[in-house]
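Listed below, chain by chain, are the residues.
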Amino acid sequence: MSEKGKTYRFTVKLRKKPLQGGRFSLILDYYNGNVEYLSNEQRGERVREHLGLYLIPENSPEDKLANERTMELAREILEKKNYQISLMLLKKQQIQTLF
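Residues numbered from 1 in each chain as written. Predicted model: local features only at pLDDT ≥ 70, side-chain atom pairs only at ≥ 80, totals over all residues. Heavy atoms only, no water.

On to the overall build of the protein, then. Along the protein, the regular secondary structure elements total one helix and three strands. Traced from its N-terminal end to its C-terminal end, the protein shows the element sequence β-β-β-α. Within the span of the protein, comprising 99 residues, buried residues form 25% of the whole. Long-range contacts, defined as pairs at least 24 residues apart, comprise 48% of the intrachain contacts of the protein with a sequence gap of at least 6. (Helix = DSSP H or I, 4+ residues; strand = E, 2+ residues; numbered from the N terminus. Buried < 20%, exposed > 50% of the residue type's maximum accessible area, 1.4 Å probe, protein only. Contact = heavy atoms within 4.5 Å.)

Mean pLDDT over the protein: 82, with 74% of residues reaching 70 or higher. Averaged pLDDT values over the elements of the protein bottom out at 88 in helix H1 (residues 61-98) and peak at 95 in strand S1 (residues 13-18). (pLDDT = per-residue confidence, 0-100.)

Attention now moves to the nonpolar core. Of all hydrophobic cores here, the largest spans 12 residues; its members are Val 12, Leu 26, Leu 28, Tyr 30, Val 47, Leu 51, Leu 53, Leu 55, Met 71, Ala 74, Leu 78 and Ile 85. Within the residue set of this core, elements represented by two or more residues are strand S2 (24-32), strand S3 (45-55) and H1. Every residue in contact with Leu 55, bar those within four places of it in the chain, is listed here: Lys 16, Arg 23, Phe 24, Leu 26, Asn 67, Thr 70 and Met 71. (Core = buried A, V, L, I, M, F, W, Y, C linked by side-chain atoms within 4.5 Å.)

Quick look at a nonpolar patch on the surface now. A cluster of nonpolar side chains, contributed by Tyr 83, Leu 87 and Leu 90, occupies part of the molecular surface with about 300 Å² of accessible area. Looking at the element boundaries, Leu 90 is found in helix H1. (Patch = residues over 30% accessible without salt bridge, like charges linked within 9 Å, V, L, I, M, F, W, Y side chains within 5 Å. Areas by Shrake-Rupley, 256 points an atom, 1.4 Å probe, with all protein chains shown as cover. Salt bridge = Lys/Arg side-chain N within 4 Å of Asp/Glu carboxyl O.)

A complete count under the given rule lists three salt bridges for this structure. Between Arg 46 and Asp 29 there is a salt bridge, with its nearest N and O atoms 2.7 Å apart. Highlighted residues: Arg 46 in strand S3 and Asp 29 in strand S2, separated in sequence by 17 residues. Accessibility expressed as a relative area gives 40% for Arg 46, which makes it partly exposed. Residue class for Asp 29 comes out buried when judged on its relative accessible area of 5%. Glu 49 is paired through a salt bridge with Lys 81; the nearest N and O atoms lie 3.3 Å apart. Here Glu 49 is found in strand S3, whereas its partner Lys 81 is found in helix H1, with 32 residues between them in sequence.

With respect to the helices and strands, Asn 67 occurs in helix H1. Among the polar contacts made by the side chain of Asn 67, one reaches the main-chain carbonyl oxygen of Ile 56 at a distance of 2.7 Å. Apart from residues no more than four positions distant in its own chain, Asn 67 is found in contact with Tyr 54, Leu 55, Ile 56 and Glu 58. (Polar contact = N/O pair within 3.5 Å; in protein donor to acceptor, adjacent residues only side chain to side chain.)

Attention now goes to the side chain of Asp 63. Examined against the element boundaries, Asp 63 turns out to sit in helix H1. For the buried residue Asp 63, which engages in no salt bridge, the nearest side chain bearing the opposite charge is Arg 69, 10 Å off. Beyond its immediate chain neighbours, meaning those up to four positions away, Asp 63 contacts Ile 56, Pro 57 and Glu 58. (Lys, Arg positive; Asp, Glu negative; His and termini not counted.)

Here it is as structure tokens:
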């Protein structure tokens, strides 16, 4: 298939992994490298990046506020990762057009 027919889609998802005690670990989930969606095939290495951020059970207003701050931080990290992957994709497309 020609380069024009290839479609690339990089998505980074923020996921919550349940832990004991009602806590959740926050994880970024994405495919690294050459991800081509052709005929529903996925190529590339799946990466789960543990952020080291945790949501706690909301038993008080302070807990709820702490979780909101944690989610804000996680969303900022998500935006940065999306930006990094977008730049990587752009550079790859520019290199392919040269050859």
